[in-house]
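# Report on the structure
As a plain string of letters, each chain reads:
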Amino acid sequence: LELSKEKVPLFKFILIGDQSVGKSSIVKRYKNEEFNYNIKATIGVEFIKKFVQVDKGLIEIQLWDTAGQEQFRSVIRSFYRGAAAVFIVYSVNLKESFDQLSIWLNEIEYHAHSEIIKVLVGNKCDLQREVQKEEAESLMNNNNFSLFFETSAKTGENIDEAFIQTAKLVLLKY
Ligand code: GDP
């Protein structure tokens, strides 16, 4: 069976959150099933794409990572444009990254369209936790997040699930 990769629906997903919470590692893990302790700092906005099969057929998921370039206005505009979902990432082993989430929520409020699906991601769940699940769930409920996952880019836990489930949610909306 030959599947055309030209007409499949495209889902643009963006990742935001403090530096070092594991955004690039999540993207790399999703793309290659690989984990690297020494990912070099990436420059500018980058994205990867991957075709995945869901119930309704083949879709293309694009993952966009800011790579620490949030300060450039022009980058911000192209980054947020057309995004179906935003993944706000913190590290479960770093309370500080969780406390910063209100700043990221303000960023979304300011830059993203109001219909964007918000997904909360507590990464590095393979490490000793500083942030309890209950804290994250209450933040989730108070800020209109649609989904919440604890992930590990290291072990791969919940990485595929996070993107597939979000894609399914987006499909339900259209
Ligand atoms: P970014 O700045 O948010 O893109 O973060 P990086 O992907 O560069 O990751 C920062 C550091 O955390 C790197 O040393 C990664 O190897 C490490 N890291 C990322 N995800 C995980 C994870 O799930 N578990 C563990 N133990 N380390 C991780």
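Residues numbered from 1 in each chain as written. Predicted model: local features only at pLDDT ≥ 70, side-chain atom pairs only at ≥ 80, totals over all residues. Heavy atoms only, no water.

If you open the UniProt record of the chain and go to Sequence similarities (unreviewed entry), you find "Belongs to the small GTPase superfamily. Rab family." (UniProt positions renumbered as here; feature names shortened; annotations may be inferred.)

Now for the layout of surface pockets. Its boundaries defined by the atoms lining it, the second largest pocket holds a volume of some 180 Å³. Taken together, the elements giving at least two residues each to the lining of the second largest pocket come down to α4 (101-111) and β5 (117-123). Looking at side-chain class alone, the lining of the second largest pocket contains four nonpolar, four polar and two charged residues. (1 Å grid on protein atoms, 1.4 Å probe; cavity = no way out; pocket = protein on both sides within 12 Å on 5 of 7 lines; lining within 4 Å. Points joined across faces, edges and corners; volume = space filled by probe spheres on them. Helix = DSSP H or I, 4+ residues; strand = E, 2+ residues; numbered from the N terminus. Nonpolar A, V, L, I, M, F, W, Y, C, P; charged D, E, K, R; others polar.)

Moving on: the site of the ligand. Near the ligand you find 18 residues, and of these Ser-20, Ser-24, Ser-25, Asp-126 and Ala-153 are the closest. Between Ala-153 and the ligand, the recorded distance is 2.8 Å, taken from a backbone N or O atom to an oxygen atom. Per element, the largest residue contribution to the shell around the ligand is three residues, and it comes from helix α1 (residues 23-32). Residue classes in the shell around the ligand are distributed as five nonpolar, eight polar and five charged. (Near = heavy atom within 4 Å. Polar contact = N/O pair within 3.5 Å; in protein donor to acceptor, adjacent residues only side chain to side chain.)

Tallying each qualifying case throughout the model produces six aromatic pairs. Arranged with centres 4.9 Å apart and planes meeting at 55°, the rings of Phe-87 and Phe-163 form a pair that is tilted. With Phe-87 in strand β4 (residues 85-91) and Phe-163 in helix α6 (residues 159-173), the pair connects residues that are 76 residues apart, well separated along the chain. Like Phe-163, Phe-87 is buried. Ring geometry for Tyr-90 against Phe-98: centres 5.0 Å apart, planes inclined by 70°, an arrangement best described as edge-to-face. In terms of burial, Tyr-90 and Phe-98 fall into one category: buried. A connected cluster of aromatic rings, assembled from ring pairs, spans Phe-11, Phe-13, Tyr-30, Phe-87 and Phe-163. Seen from the ring of Tyr-30, Lys-50 lies directly overhead, with NZ or CZ sitting 4.2 Å from the centre. (Phe/Tyr/Trp six-rings, centres within 6.5 Å; stacked < 30°, edge-to-face > 60°. Buried < 20%, exposed > 50% of the residue type's maximum accessible area, 1.4 Å probe, protein only. Lys NZ or Arg CZ within 6 Å of the ring centre and 35° of its normal.)

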